[in-house]
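Single-letter residue listing:
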Amino acid sequence: MALVLQSSSTDSSWWVFTLPAFLGSEVLADHSLLVVSLFVASISAVLLGWALSSGGPAWANGRSHRGATQIPGPRGIPLFGSIFSLARGLPHRTLAKLSKSNRATQLMAFSIGSTPAVVSSEPGVAKEILTHPNFADRPLKRSARELMFARAIGFAPSGTYWRMLRRIASTHLFAPRRITAHEPGRQFDCSAMLSGIESEMASTGSVKLRNHLQGAALNNIMGSVFGKRYNLSEENADAEVLKKMVREGFALLGAFNWSDHLSWLPKMFDPSRVEKRCADLV
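Counting restarts for each chain, with residues numbered from 1 along the sequence as it is written. Owing to the predicted nature of the model, reporting of local features is limited to residues with pLDDT of at least 70; listing and counting of side-chain atom pairs is limited to 80 or more, with chain, interface and lining totals taken over all residues. With hydrogens and water excluded, all non-hydrogen atoms of the structure serve as input to the side-chain values.

As annotated in an unreviewed UniProt entry, the chain carries the name Cytochrome P450 78A11 and is attributed to Rhynchospora pubera. UniProt positions are given in the numbering used here, feature names are shortened, and annotations may be inferred rather than shown by experiment. The annotation that UniProt attaches to the chain under Cofactor (unreviewed entry) is "heme".

In structure tokens:
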């Protein structure tokens, strides 16, 4: 069992951007040596913070030393941390190897770009983290912010607003009477999904579960909200459009996005075209 948690990071290099206001742009332009010196000093500070921090660049400035015991972990590489290690192979196996090599199976700190994260391979520690209020907030992905306007219950910060959403959901959406009323529809969706899986297995010898799960999710949402379901085994133009939207939503919310962890990247390049794809889907 592995538990991975991420948290937001705060940029501590604010002073670099205030220099032009204090010194004046003309002074900086006339003194190129000063500009070069400041650049070298800032790079040196970044490298020094990375070299002295356990867990990588996102854990610099003593973040991993705040407790009684320092959290061990790999440093990775400057600016990027362990992001390239996780891009190869299966992430949970990569994290398991990193935990063992760093002797940090109980708790390991690592960096995904500018995002600090911890991973635990022990159920007791994982349970303690999941029940601790310091980990109540979920990191807000860029795609979730664009698609759900940063107000959905799954990504809303812990507080009054989230508790109000939970109360509304438990009263109106997940009330026992409503759940019982929609049970026949859920059973029908489940039966249709299992029938589709059986048919594909019989005809091809293998099954791609993603399409079946997305189809069942589509019918469950449509049936619960609009009272309408589709026969996904037959051609239907409306169903195809909705299936395409569901697939795109799953891909945007579930796929790894470099921009979520490299805050400077979207200003230059959006490799996954997340902003445009989210705008089209909305």
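More follows now that the structure is in view.
Visitor: What should I look at first to understand the overall build of the chain in this one?
Guide: Starting at the N terminus, helices and strands are each numbered in turn, a helix being any DSSP run of H or I of at least four residues and a strand any DSSP run of E of at least two. Across its full length, the chain carries 13 helices and three strands. Taken over 282 residues, the chain has a buried fraction of 28%. Note on areas: these come from Shrake-Rupley sampling with a 1.4 Å probe, and a residue is covered only by the protein chains present in the view. Of the roughly 18800 Å² that the chain leaves accessible, carbon and sulfur atoms contribute 61%. Burial status follows relative accessibility: with a 1.4 Å probe on protein chains alone, a residue under 20% of its type maximum counts as buried, one over 50% as exposed, and anything between as partly exposed.

Visitor: What's the story with the layout of surface pockets in this structure? I'm lost.
Guide: Remark: the empty space left among the atoms is shown by a probe the size of a water molecule rolled over them. There is about 550 Å³ of room inside the second largest pocket. Every definition here rests on a 1 Å grid over the protein atoms only: cavities are sets of points where a 1.4 Å probe fits but cannot get out, pockets are open sets enclosed by protein on both sides within 12 Å along at least five of seven lines, and lining residues have some atom within 4 Å of a point. Residue lining of the second largest pocket: 15 residues in total, with Ile221, Met245, Val246, Gly249 and Leu281 positioned closest to the centre. Take the lining of the second largest pocket: its biggest share by element is six residues, from helix α12 (residues 237-254). For this scheme, ten residues count as nonpolar: Ala, Val, Leu, Ile, Met, Phe, Trp, Tyr, Cys and Pro. Four count as charged, namely Asp, Glu, Lys and Arg, and the remainder, Gly too, count as polar. When its residues are assigned to classes, the lining of the second largest pocket shows 14 nonpolar, one polar and no charged. Grid points are joined across faces, edges and corners, and a volume is the space filled by probe spheres set on the points.

Visitor: What should I look at first to understand a nonpolar patch on the surface in this one?
Guide: There is a patch of nonpolar side chains on the surface, built from Leu173, Phe174 and Ile179 and spanning about 290 Å² of accessible area. Since its relative accessible area comes to 35%, isoleucine 179 is described here as partly exposed. Patch rule: a residue counts if its relative accessible area is over 30% and it has no salt bridge; like charges are joined within 9 Å, and nonpolar side chains (Val, Leu, Ile, Met, Phe, Trp, Tyr) within 5 Å. When a carboxyl oxygen of Asp or Glu is within 4 Å of a side-chain nitrogen of Lys or Arg, the pair counts as a salt bridge.

Visitor: Sorry, what's going on with the nonpolar core here?
Guide: Where a protein is soluble and globular, its nonpolar side chains tend to be buried together. Among the buried residues, those of types Ala, Val, Leu, Ile, Met, Phe, Trp, Tyr and Cys that are joined through side-chain atoms within 4.5 Å form a nonpolar core. Core analysis: the largest hydrophobic core is formed by 10 residues, namely Ile83, Leu86, Leu95, Leu98, Ala104, Met108, Phe110, Ile112, Ala117 and Val119. Listed by contribution, the elements that provide at least two residues to this core are α4 (83-86), α5 (91-101), β2 (108-112) and β3 (115-120). Excluding its chain neighbours within four sequence positions, the residues that come into contact with isoleucine 83 are Ser111, Ile112, Gly113, Phe256 and Trp258. By definition in these notes, contact holds between two residues if any of their heavy atoms fall within 4.5 Å.

Visitor: When you look at the pairing of β2 in this model, what are you seeing that I'm missing?
Guide: A regular strand places its side chains on the two faces of the sheet in alternate fashion. A large share of β2 lies buried, amounting to five of its five residues. Burial along β2 is two-sided: the face carrying Met108, Phe110 and Ile112 and the face carrying Ala109 and Ser111 are both buried. Looking at chain direction, β2 and β3 are connected through five bridges and run antiparallel. Across the sheet, the residue bridging to alanine 109 is valine 118, located in β3. Counted between consecutive antiparallel strands, the loop separating β2 from β3 contains two residues, among which glycine 113 sits at a positive phi close to 65 degrees. Strand pairing requires that DSSP identify at least two bridges connecting the strands.

Visitor: Where do I start with the pattern of salt bridges in this structure?
Guide: Any two side chains of opposite charge can pair, on the condition that their charged atoms come close. Following the criterion strictly, the structure yields seven salt bridges and no others. Between aspartate 260 and lysine 141 there is a salt bridge whose closest N-O contact spans 3.4 Å. Here lysine 141 lies in the loop between α6 (123-130) and α7 (142-148) and aspartate 260 lies in the loop between α12 and α13 (274-281), a separation of 119 residues in the sequence. Taking relative accessible area as the criterion, lysine 141 reaches 19% and is therefore assigned buried. Between aspartate 280 and lysine 276 there is a salt bridge whose closest N-O contact spans 3.0 Å. Of this pair, aspartate 280 and lysine 276 both sit in helix α13, four residues apart, which is roughly one turn of that helix. Taken together, the shared-partner salt bridges in this structure form one network comprising Arg142, Asp270 and Glu275.

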